[in-house]
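Reading the structure
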Amino acid sequence: GRYFLAALGAADMPPSMPTGLVRETYDHYAPTFEQELVGALRYQGPALLHQAVLGALGTEASGFDILDGGCGTGLCGKVFRPMARRLVGVDASAEMIGFADEKGIYDELIHGELCESLGRYRAAFDIVLAGDVLIYLGRPDPVMSAVWAALKPGGLFALTTERLDGTGLDLSATGRYRHSDSCIEEAASSAGFSVASVDRACLRFERGVAVESSVFVLAKPDP
């Protein structure tokens, strides 16, 4: 209850959405997720992430070890599968994982919280994806540190945000966090990343209105 009070401006902003609330929401949403997101909301996140990663790589090479954070039903995984030598998906919702598993595109699926799941790996991935994930994670510093540790030197972290004009971050009345570009850039720099690219985009529509978003590709230096 306190989380939603905060979203309405009646309580202090929490650092992230409670994992149990994310799990409960998406377990319920899973059966109609793709139909609503791709159809009614015209979701473009996976294609825009793929385009941004290809732009950062400067090639359409394959053979990458990729982790798809907040993989949901596998929309990003499907787009990135041709690039992957190994594709691992992580999601907090067991129901979403079930739908992703049916697609047969992942080499491994992990049911769990993203930062905790990333903690299993050290310098294991060439690319980590987080499409529509920061909107629930809130403060970006923990995920930046976790992704940094899980990436190989020279690896890329590709993510999307709902963009907040100005600075900092806020919790909107929709219950999702919005991040300013500077908030992401500062957290990325603190973790050791450089910004390979940042593009302003519309990832989806809500009640017919474009949701202003940003697509980032962050690079871990290769010493």
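Residues numbered from 1 in each chain as written. Predicted model: local features only at pLDDT ≥ 70, side-chain atom pairs only at ≥ 80, totals over all residues. Heavy atoms only, no water.

**What about the overall build of the chain?**
- Per the secondary structure count, the chain includes 10 helices and nine strands.
- Out of the 223 residues belonging to the chain, those deemed buried represent 51%.
- As presented, the chain carries roughly 10,000 Å² of accessible surface, and 51% of it is formed by carbon and sulfur atoms. (Helix = DSSP H or I, 4+ residues; strand = E, 2+ residues; numbered from the N terminus. Buried < 20%, exposed > 50% of the residue type's maximum accessible area, 1.4 Å probe, protein only. Areas by Shrake-Rupley, 256 points an atom, 1.4 Å probe, with all protein chains shown as cover.)

**Focus on the nonpolar core**
- L67, F125, M144, F157 and F193 are the most contacted members of the largest nonpolar core, which has 30 residues in total.
- In terms of residue count, the dominant contributor to this core is helix α9 (residues 141-150) (five residues).
- Excluding its chain neighbours within four sequence positions, the residues that come into contact with F157 are V128, A130, M144, V147, L151, F193, F216, V217 and L218.
- Counting 27 residues, the second largest nonpolar core, distinct from the first, contains L54, C71, L129 and A158. (Core = buried A, V, L, I, M, F, W, Y, C linked by side-chain atoms within 4.5 Å. Contact = heavy atoms within 4.5 Å.)

**Looking at the pairing of strand β1 (residues 64-69)**
- Summarising burial for β1: six of the six residues are buried, a large majority.
- Judged by which residues are buried, β1 turns out to be covered on both faces: F64, I66 and D68 on one side and D65, L67 and G69 on the other are all buried.
- Strand direction decides the pairing type here: β1 and strand β2 (residues 84-91), joined by six bridges, are parallel. Along β2, the bridge assignment pairs G69 with V90.
- For the crossover that starts at β1, traverses helix α5 (residues 75-80) and ends in the parallel β2, the hand is right-handed.
- Judged from the four bridges that link them, β1 and strand β4 (residues 125-130) form a sheet pairing that is parallel. Pairing of I66 across the sheet is with I127, part of β4. (Pairing = 2+ DSSP bridges. Right-handed = clockwise from strand over helix to strand, strands pointing away.)

**Re the environment of D199**
- When you line up the elements, D199 lands in strand β8 (residues 194-206).
- With 18 residues separating them in the primary sequence, D199 and V217 have C-alpha atoms 9.0 Å apart.
- Those residues within four positions of D199 in sequence are excluded, and the remaining contacts are S213, S214 and V215.

**Brief notes about the confidence of the model for the chain**
- For the chain, the average pLDDT comes to 84, and 78% of its residues sit at 70 or higher.
- In the model, residues 1-11 has pLDDT below 50 throughout and makes 23 contacts with residues more than four positions away in sequence or in other chains. (pLDDT = per-residue confidence, 0-100.)

**Topic: the side chain of D126**
- Structurally, D126 can be placed in strand β4.
- Judged by its relative accessible area of 19%, D126 falls in the buried class.
- In this structure the side chain of D126 is engaged in a polar contact, spanning 2.7 Å, whose partner is the backbone nitrogen of D65.
- What D126 contacts, discounting residues up to four positions off in sequence, is G63, F64, D65, L151, K152, G155 and L156. (Polar contact = N/O pair within 3.5 Å; in protein donor to acceptor, adjacent residues only side chain to side chain.)

**Regarding the packing of aromatic side chains**
- Taken as a whole and assessed by the stated rule, the structure comprises three aromatic pairs.
- Both rings, one in Y121 and one in F125, keep their centres 4.9 Å apart while their planes meet at 70 degrees; by these two values the pair is edge-to-face. As far as the burial class goes, Y121 and F125 line up, both buried.
- Here W148 and F193 contribute two aromatic rings whose centre-to-centre distance is 5.3 Å and whose plane-to-plane angle is 85 degrees, an arrangement assigned as edge-to-face. In this pair, W148 sits in helix α9 while F193 sits in the loop between α10 (181-191) and β8, placing the two residues 45 residues apart along the sequence.
- You can call W148 partly exposed: its relative accessible area is 26%.
- On the basis of relative accessibility, which here comes to 6%, the residue F193 falls in the buried class. (Phe/Tyr/Trp six-rings, centres within 6.5 Å; stacked < 30°, edge-to-face > 60°.)

**Regarding the pattern of salt bridges**
- Under the defined criterion, the tally for this structure stands at 11 salt bridges.
- With a shortest N-O distance of 2.7 Å, D65 and R85 are connected by a salt bridge. Taken as a pair, D65 in strand β1 and R85 in strand β2 lie far apart in primary sequence, 20 residues in all.
- For D65, a relative accessible area of 4% puts it in the buried group.
- On the basis of relative accessibility, which here comes to 56%, the residue R85 falls in the exposed class.
- With a closest N to O distance of 2.7 Å, R178 and D170 form a salt bridge.
- Judged by its relative accessible area of 28%, R178 is partly exposed.
- One network of salt bridges, with partners in common, ties together D65, R85, D126 and K152. (Salt bridge = Lys/Arg side-chain N within 4 Å of Asp/Glu carboxyl O.)

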